[in-house]
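Listed below are the residues making up each chain.
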Amino acid sequence: MTAYKDLSKNELKALKKELTKKFEDVKAKGLKLDMSRGKPSTEQLNLSMGMMDVLTSSSDLVCEEGVDCRNYGVLDGIKEAKQLLADMMEVPKDNIVIFGNSSLNVMYDTVARSMIHGVMGSTPWCKLDKVKFLCPVPGYDRHFAITEHFGIEMINIPMTPTGPDMDMVEELVSTDPAVKGIWCVPKYSNPQGITYSDETVHRFAKLNPAAEDFRIYWDNAYGIHHLYEDKQDYLIEILMECKKEGHPDMVYKFSSTSKISFPGSGIAAIAASDANLKEIREQMKIQTIGHDKLNQLRHARFFKDIHGMVKHMKKHADIMRPKFDTVLASLEKELGGLEIGSWLAPRGGYFISFDSMDGCAKAIVAKAKEAGLVMTNAGATYPYGKDPHDSNIRIAPSYPTLDEIKLAMEVFTLSVKLVSIDKLLA
Ligand code: PLP
């Protein structure tokens with residue numbers, strides 16, 4: 001393979017002609033393909049259908065603490081659901097509060113509470129001139145949407161193969177009292193699939209924030225979402241690590257069963273120190289009389305325990321693995337050695353992150369759309385939708401079928417090649 005940058009203008013022009021013909025042929029097929037959304041496929045959703053049968057009209061619907069789950073009662077989660085999610089999140093059962101059906105909702109509430117009421121007695125953020133959040137990039141667009149919604153200034157922190165650039169994080173957190181938080185997806189990150197290294201987690205736990213109300217927003221959405229049995233990432237548990245370093249209150253940990261059972265109908269939870277949870281429960285008891293206990297019971301009885309959940313995740317992995325492998329094989333076969341893009345091979349999570357040559361991502365996404373392939377908008381992985389290099393594209397292989405992925409990757413790699421040639425010819 002010759003790198004495109006080493007081809008002459010005439011060679012590039014000839015190649016463009018050949019690839020344009022291929023592109024027009026694919027376009028003529030009138031395809032309708034979508035690799036934009038990190039949604040489980042129908043086949044994956046079917047894995048949890050047994051959950052519909054665990055509660056029937058003749059089931060005993062009384063939970064472990066003796067409460068009838070059909071009625072009011074139990075504010076912060078029934079015991080059996082707490083045990084299940086505590087094991088999933090690798091924290092003690094007493095350090096967890098169960099919420100409703102969405103962890104993003106819990107994150108929104110957490111930021112909103114800090115804005116309106118402050119954190120543990122500190123000044124409410126809405127009364128401050130400036131509030132800032134650190135945003136490892138590329139990252140999850142919905143995190144950035146929450147902080148943007150509240151007028152919080154977002155600062156890009158480049159991701160490295162071991163997690164966010166910790167020199168930059170340490171510098172900003174320890175010197176600027178306006179920095180109140182950092183968004184983290186520490187395992188199989190969205191979109192790169194990176195897991196924070198031991199050193200990164202240690203450095204997080206050792207942070208000495210200038211702001212007493214600084215919190216790490218640790219969104220472990222993909223904690224048990226491995227793709228391979230023999231190659232799995234390991235992440236140090238942050239709550240215990242912060243406690244060991246004398247900063248027990250510095251972290252909020254979020255998770256949900258959205259991509260384990262049913263997105264939008266799973267259960268979400270927050271794990272934090274006793275002091276943080278006390279404050280959260282105070283607000284919670286005003287917000288609600290309690291969340292959906294029947295759904296909690298359904299989850300607890302379906303999975304039985306963490307071993308049941310881990311077994312279930314292997315079935316998800318069996319469906320996801322060939323899709324990831326197909327995307328990666330196509331990238332390697334079509335783009336390997338051309339030096340017009342780079343990517344990582346994640347061991348879990350929901351995404352593959354592709355970096356094109358600078359200034360090409362928007363054009364690639366637009367080109368792919370011309371041939372019927374919808375990708376996540378270029379820029380979406382950055383705060384304010386602005387990728388300073390215009391290079392990152394998120395690939396979400398979970399929802400389409402294998403055959404659709406093969407076609408989609410043909411469109412995608414052709415689009416990358418054509419846009420890169422135009423860039424080099426310009
Ligand atoms: N956090 C991350 C990193 C995600 O990628 C997603 C969904 O894509 C969510 C949270 C959404 O979680 P939930 O369905 O629990 O709101």
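- As annotated in an unreviewed UniProt entry, the protein is Aminotransferase from Drancourtella massiliensis.

### Some thoughts on the pairing of strand β11 (residues 352-356)
Okay, step 1: Of all the 5 residues making up β11, 4 are buried; the element is thus mostly covered by neighbouring parts of the structure.
Okay, step 2: One ladder, built from 4 bridges, connects β11 with strand β13 (residues 392-395); its direction is antiparallel. The residue bridging I352 from the neighbouring strand is I395, located in β13.

### Some points on the sheet that holds strand β10 (residues 341-343)
Okay, step 1: Ordered in space as β10-β11-β13, the 3 strands form an open sheet in which the pairing is antiparallel. Two strands close off the open sheet at either side, each with one partner strand: β10 and β13. Averaged over neighbouring strand pairs, the angle between their axes works out to 25° when direction is ignored.
Okay, step 2: The strands that helix α13 (residues 361-370) touches are β11 and β13; relative to β13, the one it contacts most, it runs at about 40°.

### Examining the packing of α13 against helix α14 (residues 402-425)
Okay, step 1: Where α13 contacts α14, the axes come no closer than 9 Å and their chain directions differ by 130°. Of the possible angle classes, the one that applies to α13 and α14 is oblique. Here α13 and α14 pass one another in a crossing that is right-handed. Contacts from A363, I364, K367 and A368 in α13 reach V411, F412, S415, V416, L418 and V419 in α14.
Okay, step 2: Across the contact of α13 with α14, the residue classes break down as 8 nonpolar, 1 polar and 1 charged.

### Considerations on unusual backbone geometry
Okay, step 1: Here the residue pair V137 and P138 is connected by a cis peptide bond, since its omega of 0° sits within 30 degrees of zero.
Okay, step 2: By the secondary structure assignment, P138 is in the loop between β3 (132-137) and α6 (141-149).
Okay, step 3: If you check the backbone angles, E90 has positive phi at about 60° while not being a glycine.
Okay, step 4: Tracing the backbone shows E90 in the loop between α4 (79-89) and β2 (96-98).
Okay, step 5: The backbone phi angle of Y384 is positive, close to 60°, even though this residue is not glycine.
Okay, step 6: In this fold, Y384 is placed in the loop between β12 (373-375) and β13.

### A look at α4
Okay, step 1: Three or more residues of α4 are buried, namely A81, K82, L84, L85, A86, M88 and M89.
Okay, step 2: Elements that come into contact with the buried residues of α4 comprise β2, β8 (251-256), β9 (268-271), α11 (293-303) and α12 (306-335).
Okay, step 3: Remark: E90 follows α4 within two positions and exhibits a positive phi of approximately 60°.

### Here's the deal with the sheet that holds strand β6 (residues 179-184)
Sheet strands pair via backbone hydrogen bonds, and the direction of the pair is either parallel or antiparallel.
Okay, step 1: In spatial order, the strands read β2-β9-β8-β7-β6-β3-β4-β5; together these 8 strands make up an open sheet with mixed pairing. Lying at the two open borders of the sheet, with one neighbouring strand each, are β2 and β5 (163-164).
Okay, step 2: Across 4 bridges, strand β7 (residues 215-219) lies against β8 in parallel orientation. Its bridge partner lying in β8, D219 is registered against F254.

### Things to note about the nonpolar core
Okay, step 1: Counting 112 residues, the largest nonpolar core has L85, I96, V251, A269, I270 and L373 as its most contacted members.
Okay, step 2: Counting residues per element, this core draws most heavily on α14, at 9 residues.
Okay, step 3: Structurally, this core is a two-domain feature, drawing no fewer than three residues from each of domain 1 (4-44 + 310-425) and domain 2 (67-304).
Okay, step 4: In this view, L373 contacts L31, L33, M35, A368, A408, V411 and F412; residues no more than four positions away in its chain are not counted.

### Looking at the domain arrangement of the protein
Okay, step 1: By domain assignment, the protein separates into domain 1 (4-44 + 310-425) and domain 2 (67-304).
Okay, step 2: One C-alpha centre belongs to domain 1, the other to domain 2, and the line joining them spans 30 Å.
Okay, step 3: With 25 residues of domain 1 at the contact, the number on the domain 2 side is 29 residues.
Okay, step 4: For the side of domain 1 that touches domain 2, the element with the most residues is α12, which contributes 7 residues.
Okay, step 5: Classifying every residue of the side of domain 1 that touches domain 2 gives 15 nonpolar, 6 polar and 4 charged.

Conventions used here
Residues numbered from 1 in each chain as written. Predicted model: local features only at pLDDT ≥ 70, side-chain atom pairs only at ≥ 80, totals over all residues. Buried ≥ 20, exposed ≤ 12 C-beta atoms within 10 Å, placed from the backbone. Helix = DSSP H or I, 4+ residues; strand = E, 2+ residues; numbered from the N terminus. Pairing = 2+ DSSP bridges. Axes fitted to C-alpha atoms, helices over the stretch in contact; angles between N-to-C directions. Contact = placed C-beta atoms within 7 Å. Parallel < 35°, antiparallel > 145°, perpendicular 65-115°, else oblique. Left-handed = near helix turned anticlockwise from the far one by under 90°. Nonpolar A, V, L, I, M, F, W, Y, C, P; charged D, E, K, R; others polar. Core = buried A, V, L, I, M, F, W, Y, C linked by C-beta atoms within 7 Å. Domains from an automatic or database assignment.

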